[in-house]
Amino acid sequence: PYQYVPTEWICILFLVLYSISTILHMGQAIKYGMWWMLPTATLAGIMEMFGWSARLWSSQSPKLLTPFEMQLVGTIIAPTPLVAANFVILGKIINQLGPQFSRLTPKMYTILFCSFDVACLVVQALGGATAAHSVSQETSPSMGGNIMLGGIAAQLFAITVYVALAVECFFRFKHNAPFRQINTSEKSQRYVSKNLKVMLFGMGFCTFCIFIRSVYRTIELANGWTGPVISTERYFDWFDGCMVTLAIYTLNFIHPGVWLNVADPTGHTSQQAADEEAGAT
């Protein structure tokens, strides 16, 4: 059904990598009390383990349909919870920078984008299940593929909007041009701390990797079930397996529990503090 036989050592490699990341995410979520990382990054890792376990099974029994159907559903929906993690992280970053610089409130980022992400997850899962059923019945999986394509395209759209809103927020923050006015005595320029810059880089790189993966899956499904993209294993390994691996490990190494929980997130230096320092010298 793949039009190729999945390479065993590659399947083992990704299975091991996702297993390590998932265990780390589970431990980090518990250690830092960030329970929302369990149904997001941790769940994404579990789904990837499920998908790549099925591909490993296929590498040993390439003619069986069951592992093909399992990996089809697992790998298509696995990154979706990881996208939700980035949505939540952005909301928390904006809450620290100042909600007045954002077009949406931090809470709205979580509610709006995560709800849309769940809808995309359901659509992709439905499409994957439909395609898997069609394969088992030896009929065309095109309808299921089109449903999956719709879910991934919608997710790609959501990521694009999310990036646009984030860029606007950071631009407004940099130029001290709030979207809305709030009651505050703080009028001077604010500066992003080194910790928050690291977290922003991590979130940005994670989002970039998932975006590349979504573009690949969109092209893959639009190209058809017998097209050259879906029939080439190395494309899947590089643009799906590697991209999601980089994304999920980014949030291991640049974890919000470490880089987001800081006492002075914006590294603000007020004029009063500067005057006091000058007076002391």
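You'll find the structure just up there.
Residues numbered from 1 in each chain as written. Predicted model: local features only at pLDDT ≥ 70, side-chain atom pairs only at ≥ 80, totals over all residues. Heavy atoms only, no water.

A. Spatial organisation of the packing of aromatic side chains. Per the counting criterion, the structure on display carries 13 aromatic pairs. Measuring from centroid to centroid gives 5.6 Å for Trp 52 and Phe 236, while their planes differ by 45°, and the two rings are tilted. Taken together, the positions of Trp 52 in helix H2 (residues 38-60) and Phe 236 in helix H8 (residues 233-253) put the pair 184 residues apart, joining distant regions of the chain. Just as Trp 52 is buried, Phe 236 falls in that class too. With a centroid separation of 5.4 Å and an interplanar angle of 80°, the aromatic rings of Phe 101 and Phe 173 are classed as edge-to-face. Highlighted residues: Phe 101 in the loop between helix H4 (79-97) and helix H5 (106-136) and Phe 173 in helix H6 (residues 142-174), separated in sequence by 72 residues. On the basis of relative accessible area, Phe 101 is assigned to the buried category, the value being 3%. Taken together, the ring pairs in this structure connect Phe 14, Tyr 18, Trp 52 and Phe 236 into an aromatic cluster. (Phe/Tyr/Trp six-rings, centres within 6.5 Å; stacked < 30°, edge-to-face > 60°. Helix = DSSP H or I, 4+ residues; strand = E, 2+ residues; numbered from the N terminus. Buried < 20%, exposed > 50% of the residue type's maximum accessible area, 1.4 Å probe, protein only.)

B. Structural context of the pattern of salt bridges. This model, assessed by the stated rule, comprises five salt bridges. Between Glu 220 and Arg 217 there is a salt bridge, with its nearest N and O atoms 2.7 Å apart. Highlighted residues: Glu 220 and Arg 217, both in helix H7 (residues 194-222), separated by three residues, approximately one helical turn. A relative accessible area of 3% places Arg 217 in the buried class. (Salt bridge = Lys/Arg side-chain N within 4 Å of Asp/Glu carboxyl O.)

C. Structural context of H4. An ideal rise of 1.5 Å per residue puts 27 Å on 19 residues; H4 measures up with 27 Å between its terminal C-alpha atoms. The buried count for H4 comes to 16 of 19 residues, which makes it a mostly enclosed element. Where H4 ends, the next residue or the one after it, Gly 98, has phi of about 130°, a positive value. (Expected span 1.5 Å × (residues − 1).)

D. Looking closely at the environment of Val 88. Among the structural elements, Val 88 can be located in helix H4. Sequence separation between Val 88 and Thr 40 is 48 residues; the distance between their C-alpha atoms is 9.5 Å. With near-sequence residues (within four places) excluded, Val 88 lies in contact with Trp 36, Thr 110 and Cys 114. (Contact = heavy atoms within 4.5 Å.)

E. Region of interest: the state of the cysteines. This structure, assessed with the given rule, holds zero disulfides. No disulfide involves Cys 242; its sulfur sits 9.9 Å from the nearest other cysteine sulfur, which is in Cys 209. (Disulfide = S-S within 2.5 Å.)

Read these as layout, nothing more, since geometry by itself doesn't imply function.
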